[in-house]
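Spelled out from the first residue to the last, the chains are:
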Amino acid sequence: MREKALEYAHLACKTMMNKFEAPQLPPVYGFHYHAGVFLSGMMKLYELCGDEKYLKYTKDWVDSVIVEDGVIRFAKGSIDDYMAGILLFPLYERYSEKRYMTVLLLFKTIIRNWLCNEKGGFWHKEWYPDQMWLDGLYMAGPLQAMFTQYFNEPYFLDNAAKQAILMYENMQDKNTKLLYHGWDCSRVVGWADKETGLSKEFWGRALGWYVVAMLDILELMPKTHPEYEKLIAIEKEVLEAVLTYQCPKSGMWYQLVDKVADPKNWIETSCSCLFVYAAAKAIRMNIIDRKHMETVKRGFEGILSHSVKKEGDNIILGGTCIGTSVCEYEEYITRPTSDNDLHGMGAFLLMCVELAKTKE
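Residues numbered from 1 in each chain as written. Predicted model: local features only at pLDDT ≥ 70, side-chain atom pairs only at ≥ 80, totals over all residues. Heavy atoms only, no water.

Chemist: Can you walk me through the overall build of the protein in this structure?
Modeler: Scanning the protein from terminus to terminus reveals 13 helices and 8 strands. Taking the principal axes of the C-alpha coordinates as reference, the protein spans close to 50 × 50 × 40 Å. Restricting to contacts in the protein with at least 6 residues of sequence separation, those with at least 24 account for 70%. Per element, the accessible surface of the protein, about 14200 Å² overall, is 51% carbon and sulfur. Computed over 41 positive and 48 negative side-chain charges, the separation of the two mean positions in the protein equals 2 Å. (Helix = DSSP H or I, 4+ residues; strand = E, 2+ residues; numbered from the N terminus. Contact = heavy atoms within 4.5 Å. Areas by Shrake-Rupley, 256 points an atom, 1.4 Å probe, with all protein chains shown as cover. Lys, Arg positive; Asp, Glu negative; His and termini not counted. Charge placed at Lys NZ, Arg CZ, Asp CG, Glu CD.)

Next up, the structure:
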């Protein structure tokens, strides 16, 4: 599995590098998590194998959206646009270019003053008042943990833990242990339950972002942190709940995670990659038992057989749901899929690099 995973990690990078010059990674308008999740996987592969072309490609993309004076093109009011900030730390360490630090300091100020609901939970976008989306932990949680690591400001790691716990305490279904996609504490948006403020569905990729973000935060959290053991317990509970919904036939997971028997539901690639990645990493970090390695292996092989086609030196990764807001059942079920979408390729690359580290 390790050698195969490493082979596919290189193929994923080669495929996207063949298709796009770095500045043309979609969406071309600026800094965004679509490119960020893929390039974070590329940087993990660079750290593993040391191939300089991966570092250069990442730098070329970052440099295309940050001009020399440190001005960056991004959507200031959407938390999605901050996730790629994690790329700036290793680039600054390697190249010492002032513009990278200028942007990091800008992001640090913005995140510290981010709009919050009455319980202190981050709004997902400034035009969606009071709404927490499960995706948001991945967009700002690891970045905040890195702020604490690099700038020695405990506030940010504390706040990343706070956001994770708020989601767990306010968005979890007590029966399935899964977390709903959205929560509007003001209970006014159309998808929100009038009593709880919760959305109605467990969307796969949002759950994937959550369990992956928790691990990224925990990697940077000292074991002496007052919330460390609580986050470990939350991650173990939620991830193990997710793993029980693995499709026994395909080895993958569904667009709506719990609706395994629904004939309208369908196998989704990006969440399957994120769940396999999270399970393998949680095993490596001793958060879940090694018995779950069988789930990891079935998931990896299922993704390769169901979603991946080789075409020469390239791959086609199919079955990835396009970007999705919090919505109703029919909208999740009827969302289009695309090939080599960065959500999927990023998740696939993260999974492959982690599996390349696995002790079988």
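Chemist: Just checking my understanding: could you explain the packing of aromatic side chains for this structure?
Modeler: The relative placement of two aromatic rings is captured by the distance of their centres and the angle of their planes. Inspection of the entire model under this criterion finds 21 aromatic pairs. Measuring from ring centre to ring centre gives 6.4 Å for Trp127 and Tyr128, while their planes differ by 65°; the resulting arrangement is edge-to-face. Accessibility expressed as a relative area gives 25% for Tyr128, which makes it partly exposed. Measuring from ring centre to ring centre gives 4.5 Å for Tyr138 and Trp209, while their planes differ by 20°; the resulting arrangement is stacked. Here Tyr138 is found in helix α6 (residues 136-151), whereas its partner Trp209 is found in helix α8 (residues 204-219), with 71 residues between them in sequence. Assigned by exposure class, Tyr138 and Trp209 land together as buried. Directly above the aromatic system of Tyr95 lies the positively charged group of Lys59, at a separation of 4.9 Å from the ring centroid. Positioned above the aromatic ring of Tyr155, the side-chain terminus of Arg112 is 4.1 Å from the ring centre. (Phe/Tyr/Trp six-rings, centres within 6.5 Å; stacked < 30°, edge-to-face > 60°. Buried < 20%, exposed > 50% of the residue type's maximum accessible area, 1.4 Å probe, protein only. Lys NZ or Arg CZ within 6 Å of the ring centre and 35° of its normal.)

Chemist: I tried to follow the pairing of strand β5 (residues 308-311) on my own but got confused; where do I start?
Modeler: In the case of a regular strand, side chains alternate between the two sheet surfaces. Across 4 bridges, β5 lies against strand β6 (residues 314-317) in antiparallel orientation. Its bridge partner being in β6, Lys309 is matched across the sheet by Ile316. Turn length for the β5-β6 hairpin, with the two strands adjacent in sequence and antiparallel, is 2 residues, and the turn residue Gly312 shows positive phi of about 65°. (Pairing = 2+ DSSP bridges.)

Chemist: Just checking my understanding: could you explain the environment of Tyr180 for this structure?
Modeler: On the secondary structure map, Tyr180 appears in the loop between α7 (154-171) and β2 (182-184). Classification of Tyr180 as buried rests on a relative accessible area of 15%. Sequence separation of Tyr180 and Tyr168 is 12 residues, and the distance between their C-alpha atoms is 9.5 Å. Once you skip the residues sitting within four places of it in the chain, Tyr180 turns out to touch Leu134, Met171, Asp173, Leu198, Ser199, Lys200, Glu201 and Phe202.

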